[in-house]
Amino acid sequence: MDATRRHVILDLGAASTAMLALLGRSRCRVEIADLAHFGGIDHLNTAEQGPALADAAESLLPNRRPDDAIDLAFCWDLPNYLTLDALSALMRAIGRRARPGACL
């Protein structure tokens, strides 16, 4: 990460003391979604196609801050547990929040 600017990091997993300590060494803001522990996976996988699925994906991410676009998102092994439709909806929701050139 570029040390001259602040970064926004989205973590779709649970908060980890070790990860937060590592990221605390750089200028960043970390958003934690913790999709696995709050029923997020089931919520996405069972939502109906279309607007309901898009709304489900949006609702699982931290509130959108237009002035703070995501630079990096950690997915861990979450994609292994999502249907292709649920994964696509989640990636579109993240993409709307991401800065051009963001990494996943």
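Refer to the preceding data block for the structure.
Residues numbered from 1 in each chain as written. Predicted model: local features only at pLDDT ≥ 70, side-chain atom pairs only at ≥ 80, totals over all residues. Heavy atoms only, no water.

A. Representation of the nonpolar core. Grouped together as the largest cluster of nonpolar side chains are 22 residues, with contacts concentrated most on Leu-10, Leu-12, Leu-44 and Leu-90. Within the residue set of this core, elements represented by two or more residues are strand E1 (7-11), helix H2 (40-46), helix H3 (51-60), strand E3 (70-74) and helix H4 (84-97). At five residues, H4 tops the list of elements feeding residues into this core. Apart from residues no more than four positions distant in its own chain, Leu-44 is found in contact with Leu-53, Ala-56, Ala-57, Leu-60, Leu-82, Ala-86 and Leu-90. (Core = buried A, V, L, I, M, F, W, Y, C linked by side-chain atoms within 4.5 Å. Buried < 20%, exposed > 50% of the residue type's maximum accessible area, 1.4 Å probe, protein only. Helix = DSSP H or I, 4+ residues; strand = E, 2+ residues; numbered from the N terminus. Contact = heavy atoms within 4.5 Å.)

B. Spatial organisation of the pattern of salt bridges. This structure, assessed with the given rule, holds seven salt bridges. When the shortest N-O distance is used, the salt bridge between Arg-5 and Asp-71 registers 2.9 Å. Taken together, the residues span a long stretch of sequence, with Arg-5 in the segment before E1 and Asp-71 in strand E3 at a distance of 66 residues. Residue Arg-5 is classed as partly exposed on the basis of its relative accessible area of 33%. (Salt bridge = Lys/Arg side-chain N within 4 Å of Asp/Glu carboxyl O.)

C. Up close: the sheet that holds strand E4 (residues 98-103). With parallel pairing, four strands are arranged side by side in an open sheet as E2-E1-E3-E4. Each edge of the open sheet carries a strand with a single partner, namely strand E2 (28-32) and E4. Going across the sheet, the axis of each strand differs from the next one's by a mean of 30°, ignoring polarity. In this sheet, E3 lies alongside E1 in parallel orientation, the contact comprising three bridges. Bridged to Asp-11 within E3 is Phe-74. The sheet contacts of H4 involve E1, E3 and E4, and relative to E4 the element is tilted by about 115°. (Pairing = 2+ DSSP bridges. Axes fitted to C-alpha atoms, helices over the stretch in contact; angles between N-to-C directions.)

These values are about where atoms sit, not about what they do.
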